[in-house]
Amino acid sequence: MTHTLLSQIQSLGVVVDIDSMDPKAAESLSASTTFHSMTSNQAIVNGQLQVQWDANLEPLVSQYVQDAAIDISTEDGILKVLNLVTVLLASKVIPYLDKTGRVLVQTSPRTAYDKDATVAHAKALIGVFGKHGISRDRVCIKIPVTPESILACKELEESGIRTLGTCLFCVPQAMAASQAGCLSISPYFNELRVHFPEGASSYIEYSDPVRQHPMSPIIYSIIQAFKERQTSTTVVPASIITLDEAVALARLRPHHLTISDRVLALLAVAPGRSDDELAAVTWKVTGEKSVFDADYLSNNAVALQIALSKDAETSRKIKEALEIFDRQEEESIQFLRKALSANKA
């Protein structure tokens, strides 16, 4: 049997998730491999909303707006519609996942600095999933790791709603998510902006990303810290652009990798590599012990606030990611208002 690079990565014990809401891509790729879960965000929702609107979404969404008497001119009304769209898109991919896998959807960037609003949005999404036959044990809510939202994660976890800490770029964010009881975290390998035309020029393709990429030692340190502390929170690196980056991250031995359908398609046909090229790295963990052992949740997550205030680079990355997600969400809102208004006319 010929091993592909994708099957090799999976044979290392690294679980592969699909970072896409494209059901055609999921169906095609599932013919040669198995995905555990599906991940998404506002950019993925926005892209697939516009691709799938006429064929899959328009009749169901229009009927919902009519039956529920939704006023799409209000923020509350249009966000309810966007919640439905998000759930409908996820429901198209879940048949191609492992039977215990989850669909992961993200709370609004508008609520990232508001604990109660984040909790409310997460619960609203869970409610819509339930109405469409998808139980909460098949769902996980992605939540940006800010001081306010990490407290939302803790509250949600205590209520039985699983969460993933996202927009994550540093050890304090990871440790805070673990302390909140998050099911998983997704440290970004590349900044979000490099996936969009306006930020593509800032992307750096390293010849040896496992050793040269600035996020490699950070993600490695998080993985090792979680192992040492026997935390149940799993590490699911995201934002992978090349095959070499997927290999580099596999060498760090995370629990999962979440990979776009584009990169998955390349991995599924790429020939396997030598054992040395996929060998686990062994490094010294970077960072002071106090950074790993701090209590990041007490006193309204003041320790996380302080850590982020001292880390200008992480703060910039979080701010930019939330701004991008906000623009993508706004594009979805404008698309829905235009499309639904046209139907009324």
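Right above here is the structure, for reference.
Bear in mind that the values here come from a model prediction, so they are computed numbers and not experimental data.

A look at helix α2 (residues 23-30)
Helical geometry: 3.6 residues make up each α-helical turn, so side chains three or four residues apart lie on a common side. Among the residues of α2, those classed as buried are P23, A25, A26 and L29. One side of α2 holds all its buried residues, which, seen down the axis, span an arc of 160 degrees. With respect to the buried face of α2, the exposed residues turned more than 90 degrees away are K24 and S28.

Digging into the pattern of salt bridges
When their charged atoms lie close together, side chains carrying opposite charge are able to pair. Applying the stated rule across the entire model yields 20 salt bridges. The residue E155 makes a salt bridge to K115 at a minimum N-O spacing of 2.8 Å. Within this pair, whereas E155 is found in helix α6 (residues 147-158), its partner K115 is found in helix α5 (residues 115-131), the two being separated by 40 residues in sequence. A residue is classified by how much of its surface remains accessible, and E155, at 31% relative accessible area, is partly exposed. Overall, the relative accessible area of 27% leaves K115 in the partly exposed class. Close ionic contact of E158 with K154 constitutes a salt bridge, the shortest N to O distance being 2.6 Å. Of this pair, E158 and K154 both sit in helix α6, separated by four residues, roughly a single helical turn. Put simply, E191, R193, E313, R316 and E320 are held in one network by salt bridges that share partners.

Focus: the sheet that holds strand β2 (residues 103-106)
What holds strands together in a sheet is hydrogen bonding between their backbones, with the strands either parallel or antiparallel. Pairing in this open sheet of five strands is parallel, and the strands run β2-β3-β4-β5-β6 from one edge to the other. Because the sheet does not close on itself, it has two edges, and the strands there are β2 and β6 (234-235). This element, α6, spans β3 (139-144) and β4 (163-168) of the sheet and lies at about 160 degrees to β3.

Looking at empty space enclosed by the protein
Counted under the stated rule, the structure contains one cavity of 30 Å³ or more. For the largest cavity, the calculated volume is near 30 Å³. In terms of lining residues, the largest cavity is bounded by E205, Y206, P209, T242, D244 and E245. Here the lining of the largest cavity is composed, by residue class, of two nonpolar, one polar and three charged.

What to know about the pairing of strand β5 (residues 184-187)
Across the two faces of β5 the burial is the same, with S184 and S186 and I185 and P187 all buried. Note: β4 against β5, three bridges, orientation parallel. The residue of β5 that forms the bridge with G165 is I185. Considered for its hand, the β-α-β crossover made up of β4, helix α7 (residues 171-179) and β5 is right-handed. Pairing between β5 and β6: two bridges, direction parallel. Directly across from S184, in β6, lies its bridge partner T234.

Points about the environment of A90
Inspection of the secondary structure puts A90 in helix α4 (residues 75-93). Distance from A90 to V45, taken between C-alpha atoms, is 9.1 Å for residues 45 residues apart in sequence. Discounting chain neighbours no more than four positions away, the residues touching A90 are M21, M38, V103, V105 and F129.

Here we look at the packing of aromatic side chains
Tallied over the full model, the rule gives three aromatic pairs. Judged by centre distance (5.8 Å) and plane angle (90 degrees), the rings of W53 and F335 are edge-to-face. Separated by 282 residues along the polypeptide, W53 in helix α3 (residues 42-67) and F335 in helix α14 (residues 312-344) bring together distant segments of the chain. Judged by relative accessible area, F335 falls into the partly exposed class, the value being 21%.

Description of unusual backbone geometry
Positive phi is not limited to glycine here, since Q230 has a value of about 55 degrees. With respect to the secondary-structure elements, Q230 resides in the loop between α9 (215-229) and β6. One non-glycine residue, S239, lies in the positive phi region at around 65 degrees. Considering the arrangement of structural elements, one finds S239 in the loop between β6 and α10 (243-251).

What about the pairing of strand β7 (residues 256-259)?
Side chains H256 and T258 of β7 all project onto a buried face; the interleaved residues L257 and I259 project onto the opposite face, where all are buried too. As paired strands, strand β1 (residues 15-18) and β7 are joined by four bridges and run parallel to one another. Across the sheet, residue V15 finds its bridge partner in β7, namely H256.

What counts and how
- Residues numbered from 1 in each chain as written.
- Predicted model: local features only at pLDDT ≥ 70, side-chain atom pairs only at ≥ 80, totals over all residues.
- Heavy atoms only, no water.
- Buried < 20%, exposed > 50% of the residue type's maximum accessible area, 1.4 Å probe, protein only.
- Helix = DSSP H or I, 4+ residues; strand = E, 2+ residues; numbered from the N terminus.
- Arc of directions from axis to C-beta.
- Salt bridge = Lys/Arg side-chain N within 4 Å of Asp/Glu carboxyl O.
- Pairing = 2+ DSSP bridges.
- Contact = heavy atoms within 4.5 Å.
- Axes fitted to C-alpha atoms, helices over the stretch in contact; angles between N-to-C directions.
- 1 Å grid on protein atoms, 1.4 Å probe; cavity = no way out; pocket = protein on both sides within 12 Å on 5 of 7 lines; lining within 4 Å.
- Points joined across faces, edges and corners; volume = space filled by probe spheres on them.
- Nonpolar A, V, L, I, M, F, W, Y, C, P; charged D, E, K, R; others polar.
- Right-handed = clockwise from strand over helix to strand, strands pointing away.
- Phe/Tyr/Trp six-rings, centres within 6.5 Å; stacked < 30°, edge-to-face > 60°.

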